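Observations on the three-dimensional arrangement
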Amino acid sequence: MKSFSSGIVAFASVLYTFLGFHPLLAQAMGAVVGVNAAVGSLSVDQQNAILARLHAANVHVIRSGITPDEKGIDFARRAQAQGIQIEWLVQLQYRPGAPSRPWPNAFGVWGGPPLSAADPDQFRKYFEPLLEKLEAGGVRLAGFELGNEINSAMFNADFSLPAENPTRSREFTLEDLSHDPEAQQVARGYLQYLELLKVIKDVRARSKLNQRAPIVSAGLVFNEAPEAPRTARLDAVGAIATLDFMRANGLDELVDVYGVHTYPWTNDPGNPAAAAGRRDRLQKYVLAECRPPDSRGGKPCWITEWGIPNHDTSCPPQETNQVALVNETRANFRPYVANRRVLGLFYYAWLDSREGFAIYRCDHLTNTGRLALTPF
């Protein structure tokens, strides 16, 4: 029975490849539109139920990790059989014996080794055979995105904890990356990150099915009010400073698009002044570095996370403000999609048990979700 079902999956994958959706086609037509769907830890039955719901919602691309085991490979094949490709959120790998930040911890940040301990040899041993197994199963990926929010202490253990001045945390500049001791440590991590990107590019070049799958730099978190006092007790590096530093060290030769994140302010929906502020901050801070594909300098962007929270727990939830804000945000994105400065947008998230961003609730896709997932 298992071999029969595997044959069905394989046949569906082949049929999908020739007849179905492909992100590059969608990108050429406008932009890849997808959703964050982290389901690797769920059971196979739970995964299958979610994939069926995603398929029913006409979702063709999800941003997700792929666990390095048979379950992870099978998940990617089952997704593809439903007409869903994965923008693979690829895990970093570290040198043996690297120090590791404990988790859980008193600061509410993720645990793990610092980015400066990332090891290209260990990464190749992890990434290359996993991609080979995926390709042996006929899996075509929507893209490779290495790491997440590496300019934030939340995900990068090279930052000091607590912040060296916990009453006034800092957002480091490009100059700080060369002169400030803490920022210099973060910069060492950025250089190691580029070494791992080299591995992805090398392995992709020799792949059979995914030579054209775009490489996406880690989605960066943006401070959309840098002139205001920092209230977070965690240090960060400005996203533009991060891109400038990595570009100076070869980033544009290694990636096809920049990953960026934006969570627009939710104040005063429908107020023209508030709407203008959201539009201006998006232009000035988040998408300022995004360039069309034919530009001489820089790369286009994929917005690999964007979202509007909804903390209403009723069924169905009240969505008036969320629908208004998603409509407004999509209108703000539209000119960047039209001039090909933005080629991908992934809403956060299909499911979310912590922060109120879920668009699948009460056994239904919300109105917010339907709007957020509408192609451009």
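Refer to the structure above for everything that follows.
Description of the structure in this document. Keep in mind it's a predicted model, so treat the numbers as computed, not measured.

Next up on the list: the sheet that holds strand 6 (residues 215-216). Spatial ordering of the open sheet is given by 6-4-3-2-1-10-9-8, a layout of eight strands whose pairing is parallel. Here the strands that pair on one side only, and so sit at the sheet edges, are strand 6 and strand 8 (258-262).

This paragraph deals with the pairing of strand 9 (residues 301-306). Counting buried residues along strand 9, six of its six residues qualify, which places the element largely inside the surrounding structure. Direction of pairing for strand 8 relative to strand 9: parallel, over a ladder of five bridges. Residue pairing across strands places glycine 259 opposite tryptophan 302, the latter belonging to strand 9. Between strand 8 and its parallel partner strand 9, the chain crosses via helix 9 (residues 272-286), and the hand of that crossover is right-handed. In this structure, strand 9 lies alongside strand 10 (residues 342-347), joined through four bridges in parallel fashion. Paired with isoleucine 303 across the bridge in strand 10 is leucine 345. What joins strand 9 to strand 10 is helix 10 (residues 320-338), and the crossover it makes is right-handed.

Summed over all chains, the structure comprises 15 aromatic pairs. With a centroid separation of 5.1 Å and 90° between ring planes, the pair formed by tryptophan 306 and phenylalanine 333 is classed as edge-to-face. On the criterion of sequence distance, the pair formed by tryptophan 306 in strand 9 and phenylalanine 333 in helix 10 is long-range, its members being 27 residues apart. Take tryptophan 306 and phenylalanine 333: they sit in the same class, and that class is buried.

Calculation criteria
Residues numbered from 1 in each chain as written. Predicted model: local features only at pLDDT ≥ 70, side-chain atom pairs only at ≥ 80, totals over all residues. Heavy atoms only, no water. Pairing = 2+ DSSP bridges. Helix = DSSP H or I, 4+ residues; strand = E, 2+ residues; numbered from the N terminus. Buried < 20%, exposed > 50% of the residue type's maximum accessible area, 1.4 Å probe, protein only. Right-handed = clockwise from strand over helix to strand, strands pointing away. Phe/Tyr/Trp six-rings, centres within 6.5 Å; stacked < 30°, edge-to-face > 60°.

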